[in-house]
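Per-entry structural report
What follows is the residue order along each chain.
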Amino acid sequence: MKPDPLTFVLFGASGDLTSRKILPALARLADLGALPEPFVLVGVARTKWSDDEFRQQCREAAAAAVPEQQQETSLDDSEAPREAAGTSGSSGSWEALVPRFRYVTGDYDSDDTFGELESVLRDLDDESGTSGNRVFYLATIPSLFGEVAAGLGRHSLNKPGTGGSFARLVVEKPFGTDLDSSKALDASLHEVFDERSIYRIDHYMGKETVQNVLALRFANAIFEPIWNRRYVDQVQVTVAESIGVEHRGSFYEGAGALRDIVQNHVMQVLALTLMEPPSTVDPIAIRDEKVKLLRSIVAPDRSAVERDVVRAQYDRGTIDGVAVPAYREEEGVAPRSTTETFVAMRLSVENWRWAGVPVYVRTGKRLAKRTTEVAMLFQRAPHLPFQGQLTSELRPDALILRIQPDEGISLCFGAKVPGQSFRVRTVRMDFSYQEEFGGRPAEAYERLLLDAMLGDPTLFIRTDEVEQAWAILHPVQQAFSDDSLALAHYAAGTWGPASATVLLESSGHHWNNP
Ligand code: BG6
């Protein structure tokens, strides 16, 4: 299905997110023939560019996207991979679209900027047949979201143009920096756009493997009966990165791992993994179930933070044989910074399904390996009829949802080691996306941008989800900001500080390190 004709307006068009993610994703969609016809892109930013300079950026970003001849998993429902059309040649390709793109230079607090945008949009509707439909994408720094929305409102751009049926606002995370600021941000967005027209992006929801959590749980009969406190001993969610803060030191200083990853990506993955089955896969049902689950999560209160939360920062270390600097030595980072680059937490979910099952989450930069996974660790067999020594290599049964890289699912269980004795050890059965379906999964942004254009909000984050996620973390945020929880340190290239290991060992558990 193709979206209706529209103009895509990109605020922050000269920024990093635009060139790294948005333009390549749009270019791929063009080459897959998935963009609406007609489709026009309008960039808005403070950088003084001409239309032609912006068009050149668009071409360059597309050239940096996935190689042309690579086959891929298509975004439609057919399994057959399509030939990538390349960045030139096909009439629907990006290259053919670029000459129509426009650029507006200006400050976001200036009515001149929005006045010019208004007139560009009107002209485009007349010349290109974009029919008054608009998708506004905010790829600016978050502190400008409210200002841009207000500017759109003052110029009635929050409503479709003549003949159009929609004007949507797509907002990038972070949605605020805590509960109060997220409420304030929402209030300012809601003054201009109604909730149904706001699409909040958490790019993890665009990942195939995150969506596959729903397929695994609700398209199969064998997992759901054991997906509860009677069989599951503990749940672990790991979002580990081997990269550091790269060139984003000054942004990260004000964010830290809790805001950057836990509040959004970790909470979304947890919600899909632990929620109740929705009656249908529609935007209301799915998001209702996610919110219900988030409401059942009990975060450590202030008195429990010390016991259940680990906050840490990386020191110098070695990753893949290369020496890397400490966080405090990164560009844009204060030499005595106490910003956390690692968080581990024990949470509990107070509902019938999960009561008593510890949920461990951890995320960190400069860890040993890039990996995002959910590990469902099952209870031990009630009785092992083998002599103790024979099962010394038997670990708890586990179902590992490998979200990235090496996307797939692993089932770990005990098997008899061939030989005279009845030795049993853990073995692993793997399902690999790559082997099964071939190609590469669509980039998260391709899926999400297309959904925003189609008007499908299922994978976007509703305001109540955002607020609930902030509410869960509120006491933890307080303990971080007043330094009442000590900051641990870990060497880059390891799995985090010793205290993260101790957090689980106190309950006889261990992290599932890939
Ligand atoms: C972003 C964070 O939301 O997610 C980054 O701001 C992080 O700090 C990134 O590196 C991780 O995304 P992915 O898709 O590489 O796991």
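These numbers come from a predicted model, not from an experiment. (Residues numbered from 1 in each chain as written. Predicted model: local features only at pLDDT ≥ 70, side-chain atom pairs only at ≥ 80, totals over all residues. Heavy atoms only, no water.)

With that settled, consider the site of the ligand. The local shell around the ligand consists of Lys 173, His 203, Tyr 204, Lys 207, Glu 241, Arg 248, Asp 260, His 265, Lys 365, Arg 370 and Gln 404. Here an oxygen atom of the ligand and a side-chain polar atom of Glu 241 are 2.5 Å apart. Contact between the ligand and Gln 404: an oxygen atom at 2.6 Å from a side-chain N or O atom of the residue. Within the complex, 82% of the 400 Å² of free accessible area of the ligand lies under protein. Here the residues of the shell around the ligand are counted per class, giving one nonpolar, three polar and seven charged. (Near = heavy atom within 4 Å. Polar contact = N/O pair within 3.5 Å; in protein donor to acceptor, adjacent residues only side chain to side chain. Areas by Shrake-Rupley, 256 points an atom, 1.4 Å probe, with all protein chains shown as cover. Nonpolar A, V, L, I, M, F, W, Y, C, P; charged D, E, K, R; others polar.)

A word on the environment of Ala 469. Following the sequence through the fold, Ala 469 ends up in helix H14 (residues 463-481). Spatially, the C-alpha atom of Ala 469 lies 8.5 Å from that of Leu 179, the residues being 290 residues apart in sequence. (Helix = DSSP H or I, 4+ residues; strand = E, 2+ residues; numbered from the N terminus.)

Here we take up the pairing of strand S2 (residues 39-45). Within S2, seven of the seven residues are buried, leaving the element largely enclosed by the surrounding structure. Of the pairings in the sheet, the one linking strand S1 (residues 6-11) to S2 comprises six bridges and is parallel in character. Residue pairing for S2: Val 9 is matched across the bridge by Val 42. In this view, the connection linking S1 to its parallel neighbour S2 by way of helix H1 (residues 16-31) has right-handed handedness. (Buried < 20%, exposed > 50% of the residue type's maximum accessible area, 1.4 Å probe, protein only. Pairing = 2+ DSSP bridges. Right-handed = clockwise from strand over helix to strand, strands pointing away.)

Time to look at the environment of Ser 421. One can find Ser 421 in the loop between strand S16 (408-416) and strand S17 (424-432). With relative accessibility at 37%, the residue Ser 421 sits in the partly exposed group. Separated by 165 residues in sequence, Ser 421 and Gly 256 have C-alpha atoms that sit 51 Å apart.

In this section: the sheet that holds strand S3 (residues 102-105). Strand pairing in a sheet relies on backbone hydrogen bonds. The paired strands run either parallel or antiparallel. Read across the open sheet, the six strands follow the order S3-S2-S1-S4-S5-S6; overall the sheet is parallel. Whereas interior strands pair on both sides, the edge strands pair on one side only; in this sheet they are S3 and strand S6 (198-201). Taking each pair of neighbouring strands and ignoring which way they run, the sheet shows an average axis angle of 20°. Direction of pairing for S1 relative to strand S4 (residues 134-138): parallel, over a ladder of five bridges. Of the residues in S4, the one forming a bridge with Val 9 is Phe 136. (Axes fitted to C-alpha atoms, helices over the stretch in contact; angles between N-to-C directions.)

To continue, consider the domain arrangement of the chain. Here the chain is described as being made up of domain 1 (6-172) and domain 2 (205-440 + 461-505). Relative to domain 2, the C-alpha centre of domain 1 lies at a distance of 34 Å. (Domains from an automatic or database assignment.)

Let us now look at unusual backbone geometry. The omega torsion across Lys 173 and Pro 174 is 5°, close enough to zero to call that bond cis. By the element assignment, Pro 174 lies in the loop between strand S5 (167-172) and helix H6 (179-190). Cis geometry marks the peptide bond from Gln 404 to Pro 405; its omega dihedral reads -20°. Among the structural elements, Pro 405 can be located in the loop between strand S15 (398-404) and S16. With phi around 55°, Ser 156 is a residue other than glycine that occupies positive phi space. Examined against the element boundaries, Ser 156 turns out to sit in the loop between helix H5 (145-154) and S5. A relative accessible area of 48% means that Ser 156 is categorised as partly exposed. Notably, Asp 406 is not glycine yet its phi reads approximately 50°, a positive angle. With respect to the helices and strands, the residue Asp 406 is situated in the loop between S15 and S16.

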